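So you can see what is in the structure, the chains are spelled out below.
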Amino acid sequence: MTATLVVFLAPLAAAVLSVLFGRVAAWLAASGALASGVAAAAILARTASGESWEASVEWLPGLSVSLSVTTLTALLGVTVATVAFFVLVYAVGYMAGETERTRFFASMSLFLAAMQALVLSGDWLSFLVAWEVMALASYLLIGHWHERGDARDAASRAFVTTRTADIGLYIAVFLLASTTGTTSMAAAAPGGPATALAGLLLLVAAATKAAQVPFQGWLAAAMAGPTPVSALLHSATLVAAGVLLMVRAFPLLPPGVLLVVGLVGGITTVVAGLTAVAQPDLKRLLAASTSSQLGLMLLALGAGSVAAAVFHLIAHAAMKSTLFLATGVFQRDRGSTAFRDLLGAGRDSRPAYLAFAVAGLALAGVPPLSGFWSKDAVLAAALASADAWILVPLGFAGSLLTGTYVARALRLLWRGETVVPGPRGGQAGIRSDAGGVWMRAGLLALGAGAAAVGLLARPLEELTAMTLPGGWGAVAMGLAAAALGLMGGWLLPARRLLGGLLPWAERGFVVGGGLAAFIVRPVQRLAMAIGGFDRSLHSLVGGAARFALALAARVSAVDVRLHRGVEGAADGALSVARLVQASDRDGIDALIAALARGTRELGRAGRRLQSGLVHRYLALTVAGFAALALIVTLVVFV
Amino acid sequence: MSVLLTGQLVAAVLFGVGLYGALSQTNLVMIMMGVELMLGAAMLNVVFFWRYLHPEMYSGQMFMLVLMTVMAVEMAVGFGVATARFRAKGSVEMEEAGELRG
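Residues numbered from 1 in each chain as written. Chains lettered and ligands numbered in written order. Predicted model: local features only at pLDDT ≥ 70, side-chain atom pairs only at ≥ 80, totals over all residues. Heavy atoms only, no water.

Looking at the overall build of chain A
Thought 1: Each helix and strand in chain A was counted, giving 26 helices and two strands.
Thought 2: Of all 638 residues assigned to chain A, the portion counted as buried reaches 52%.
Thought 3: If you take every contact in chain A between residues at least 6 apart in sequence, the share linking residues at least 24 apart comes to 80%.
Thought 4: In the structure as shown, chain A presents an accessible area of about 27,300 Å², 70% of it carried by carbon and sulfur atoms. (Helix = DSSP H or I, 4+ residues; strand = E, 2+ residues; numbered from the N terminus. Buried < 20%, exposed > 50% of the residue type's maximum accessible area, 1.4 Å probe, protein only. Contact = heavy atoms within 4.5 Å. Areas by Shrake-Rupley, 256 points an atom, 1.4 Å probe, with all protein chains shown as cover.)

Here it is, written out as structure tokens:
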């Protein structure tokens, strides 16, 4: 029990102490992560014997907060803490010479604490709390360089996008709690439409957090944060929380929803893979790649294999953090992450390039590196599922694209292409050169992890008592995808292969805007349609008036020549026309003008209330309450 | 006169004093003191109701603690605003603070 608490309280304490003792913030953060990792390993060792327990505290009558410790949650806790520890070690070097180190390390610790609490939470209530704290910490970290406009925008965008989708999570939790009568995650779902709806809403929240189609846009923008933040955010924490949510909700999901989960993941892995191939900036390439790999995890979940998804999550955490940390080294050397500034950067810092290559090849699925094992498990899960006809092609295409963009990045970093067109997406330079040792230490440790995690597949299977799907078909398919992708990416100018798709892919497939595409544009279109209807009505009335006028004029011209007596009729027609015209002007136009005037007057009256003077507001409040009290008294007693 | 009624009267007087203070003063600190008195009156009411109507329900005490926390937080925010205002303008006279005029 104590160890369970230490897992997330140690980083939390580190966050608080960092604020008090800013000088040693880095050491506090690193030791907080270390303590968290050791505690997680301890509970993992205890759960290894098949033990699992729940601890709950009743903090309000009928409302308890509980922690659930199973092999799965302990394993994820170890992964998160390990990645975070090495990223923090790396950050000691990366942030050397920065001014706001205290804030940075305190936020990182808070972030870690929130993720650990999320991993261990046993009921929806504490899950929501951890989820919220993590959203806050990610906002602080993405916007760390808040003096830069793009960082501010990216932080707000990430926050608003994920928070909007969190409404789905809230409604889903409400549905689940009201149908089962408890907030515990272990409660069996009652089935039926309520569960299906809750599952879909959870998927919306998870897809947004995990940057899945159509919400993937914020992740590329989040690259504006410091590189260690990207490394942590993309590997084991923020985006992984989306997958974690689906893993925890997995027992609740009916088959129909699972198919949707698999399709969202499959489509994302292809779309984000294409996006990654097109990116002119290394960090943005990695961001799109993260979306793509998380798509594979959701695909595995949709195919019904939690084990494959979790295993890929762990392997991906090691691989992606290594890739980002190596990118940080290149960024420090060249002062940018745009490919045109990074040409040949790998030759300048070979240890970083080595780590990048190992992690990249692992990501592409080259045996015996970790990605080979995890991706095979995902593909095997897809092959074994009932919906293999759609999931397998999507998974294969995703793996193929992974190889392509990895090979492209490796080639550009080593040899360079002569011209890389595209907008400049570079980052501001890193100011200091100190701390290279720390960066290399963190980088190489994680690189070794990226290489070796795959060998843990068998022990992990025994530990968690889950079976990873496997089979020669999946192995052959994975190898074919990796080989074809890598060759394609290395030998062919991949960006040009995309052809007409390129500008679209470069912007991350505009739907990436998500909100912009699905809410703003329809509203605009509706407003435009209403405006057009209004205009056409107006011109109809005007046209009728004009027509009557012309008719009257012609009649009068003919009649003047024929007979004076007919002139009277012409005059009559003319006056009818005038009447119509006058009604148009004085009736409809005056009505619209009066409406506008009325609105303006109302606004002016409302403005007068906004005096900005506190005591006037107070007086108004008191008067309002008095009136309310009077009404209540009258209603109750009369 | 029962103790409960006495308590209610004291609270009412306290509330009236606070209301008068909040409405009549122009200094932000003084206004907040008025608000403080009103909150105090409300809390006094809560305590008296709990003690003389439902002394067996401990949730009354819990509610009291929550109220106290809210009060402390509110005052912290209020004085934060006052400090920021004083640093920026050199005064906390609310007659002069019309910048938020719509």
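Moving on from the model shown.
Regarding the side chain of Ser 230 of chain A
Residue and element names in this part refer to chain A.
Thought 1: Within the secondary structure, Ser 230 is located in helix α9 (residues 227-235).
Thought 2: Looking at Ser 230, the relative accessible area reads 3%, which means it is buried.
Thought 3: Other than its neighbours up to four places away in sequence, Ser 230 contacts Met 223, Gly 225, Lys 283 and Phe 324.

Observations regarding the pattern of salt bridges
Residues and elements named next belong to chain A.
Thought 1: Taken as a whole, this structure holds six salt bridges over all chains when the rule is applied.
Thought 2: Among the ionic pairs, Arg 163 bridges to Glu 132, the shortest N-O distance being 3.1 Å. In this pair, Arg 163 sits in helix α6 (residues 149-180) while Glu 132 sits in helix α5 (residues 124-142), placing the two residues 31 residues apart along the sequence.
Thought 3: By relative accessible area, which is 27% here, Arg 163 ends up partly exposed. (Salt bridge = Lys/Arg side-chain N within 4 Å of Asp/Glu carboxyl O.)

A look at helix α21 (residues 472-491) of chain A
All names here are of chain A.
Thought 1: Helix length check: α21 (20 residues) gives 28 Å between terminal C-alpha atoms against 28 Å at 1.5 Å per residue, within 8%.
Thought 2: Along α21, the positions that sit buried rather than exposed are Ala 474, Val 475, Met 477, Gly 478, Ala 481, Ala 482, Gly 485, Leu 486, Gly 488 and Gly 489.
Thought 3: Where α21 is buried, its residues contact α16 (350-364), α17 (370-384) and α18 (388-414). (Expected span 1.5 Å × (residues − 1).)

Regarding the interface of chain A and chain B
Thought 1: The interface is formed by 11 residues belonging to chain A together with 12 residues belonging to chain B.
Thought 2: Taken over both partners, the interface formed by chain A and chain B buries close to 1,000 Å², and the fraction arising from carbon and sulfur atoms is 66%.
Thought 3: Here chain A and chain B share zero salt bridges between them.
Thought 4: Summed over the shared surface of chain A and chain B, the number is zero residue pairs in polar contact (both at pLDDT 80 or more).
Thought 5: In terms of residue class, the side of chain A that touches chain B is made up of six nonpolar, four polar and one charged. (Buried area = accessible area lost by both parts, 1.4 Å probe. Polar contact = N/O pair within 3.5 Å; in protein donor to acceptor, adjacent residues only side chain to side chain. Nonpolar A, V, L, I, M, F, W, Y, C, P; charged D, E, K, R; others polar.)

Remarks on the packing of helix α10 (residues 238-249) of chain A against helix α12 (residues 282-302) of chain A
Residue and element names in this part refer to chain A.
Thought 1: At their nearest, the axes of α10 and α12 sit 10 Å apart, and the two run at 5° to each other. On the basis of the axis angle, α10 is roughly parallel to α12. Residues Val 239, Val 243, Met 246 and Val 247 of α10 form the contact with α12, whose participating residues are Thr 290, Leu 294, Met 297, Leu 298 and Leu 301.
Thought 2: Within the contact of α10 with α12, the residues separate by chemical class into eight nonpolar, one polar and no charged. (Axes fitted to C-alpha atoms, helices over the stretch in contact; angles between N-to-C directions. Parallel < 35°, antiparallel > 145°, perpendicular 65-115°, else oblique.)

What to know about empty space enclosed by the protein
Residue and element names in this part refer to chain A.
Thought 1: Within the structure shown, the criterion is met by five cavities of 30 Å³ or more.
Thought 2: For the largest cavity, the calculated volume is near 110 Å³.
Thought 3: Along the walls of the largest cavity sit Leu 72, Leu 75, Ala 307, Val 310, Phe 311, Ile 314, Ala 457, Leu 460, Glu 461, Thr 464, Met 466 and Leu 468, which together make up its complete lining.
Thought 4: Within the residue set of the lining of the largest cavity, elements represented by two or more residues are α3 (71-94), α13 (306-334) and α20 (457-464).
Thought 5: Lining the second largest cavity we find Leu 76, Thr 79, Val 80, Met 115, Val 119, Ala 236, Leu 244, Leu 313, Ile 314 and Ala 317.
Thought 6: Among the elements of the structure, α3, α4 (101-120) and α13 are those that each provide at least two residues to the lining of the second largest cavity.
Thought 7: Taken together, the residues of the lining of the second largest cavity break down into nine nonpolar, one polar and no charged. (1 Å grid on protein atoms, 1.4 Å probe; cavity = no way out; pocket = protein on both sides within 12 Å on 5 of 7 lines; lining within 4 Å. Points joined across faces, edges and corners; volume = space filled by probe spheres on them.)

Quick notes on the packing of aromatic side chains
Residues and elements named next belong to chain A.
Thought 1: Overall, the coordinates contain 10 aromatic pairs over all chains when judged by the stated rule.
Thought 2: Measuring from ring centre to ring centre gives 5.0 Å for Tyr 353 and Trp 414, while their planes differ by 35°; the resulting arrangement is tilted. With Tyr 353 in helix α16 and Trp 414 in helix α18, this pair connects stretches of sequence that are 61 residues apart.
Thought 3: You can call Trp 414 partly exposed: its relative accessible area is 26%.
Thought 4: An angle of 70° between the planes, with centres 5.2 Å apart, marks the rings of Phe 372 and Trp 373 as edge-to-face.
Thought 5: Phe 372 sits in the buried class, given a relative accessible area of 9%. (Phe/Tyr/Trp six-rings, centres within 6.5 Å; stacked < 30°, edge-to-face > 60°.)

Here's the deal with the side chain of His 312 of chain A
Residues and elements named next belong to chain A.
Thought 1: Following the sequence through the fold, His 312 ends up in helix α13.
Thought 2: Of the residues examined, His 312 reaches a relative accessible area of 0% and is grouped as buried.
Thought 3: Setting aside residues no more than four positions away along its own chain, His 312 makes contact with Gln 293, Leu 296, Met 297, Ser 374, Lys 375 and Val 378.

Some thoughts on the packing of α13 of chain A against α16 of chain A
Residue and element names in this part refer to chain A.
Thought 1: The interhelical angle for the contact between α13 and α16, taken along N-to-C directions, is 145°, at an axis separation of 9 Å. Helix-helix and strand crossings are classified by hand; for α13 and α16 the assignment is left-handed. The segment α13 lies against α16, with His 316, Met 319, Lys 320, Thr 322, Leu 323, Ala 326, Thr 327, Val 329 and Phe 330 engaging Ala 352, Tyr 353, Ala 355, Phe 356, Ala 359, Gly 360, Ala 362 and Leu 363.
Thought 2: Each residue belonging to the contact of α13 with α16 can be placed in one class, and the counts come to 12 nonpolar, four polar and one charged. (Left-handed = near helix turned anticlockwise from the far one by under 90°.)

Keep in mind these values describe shape, not function.
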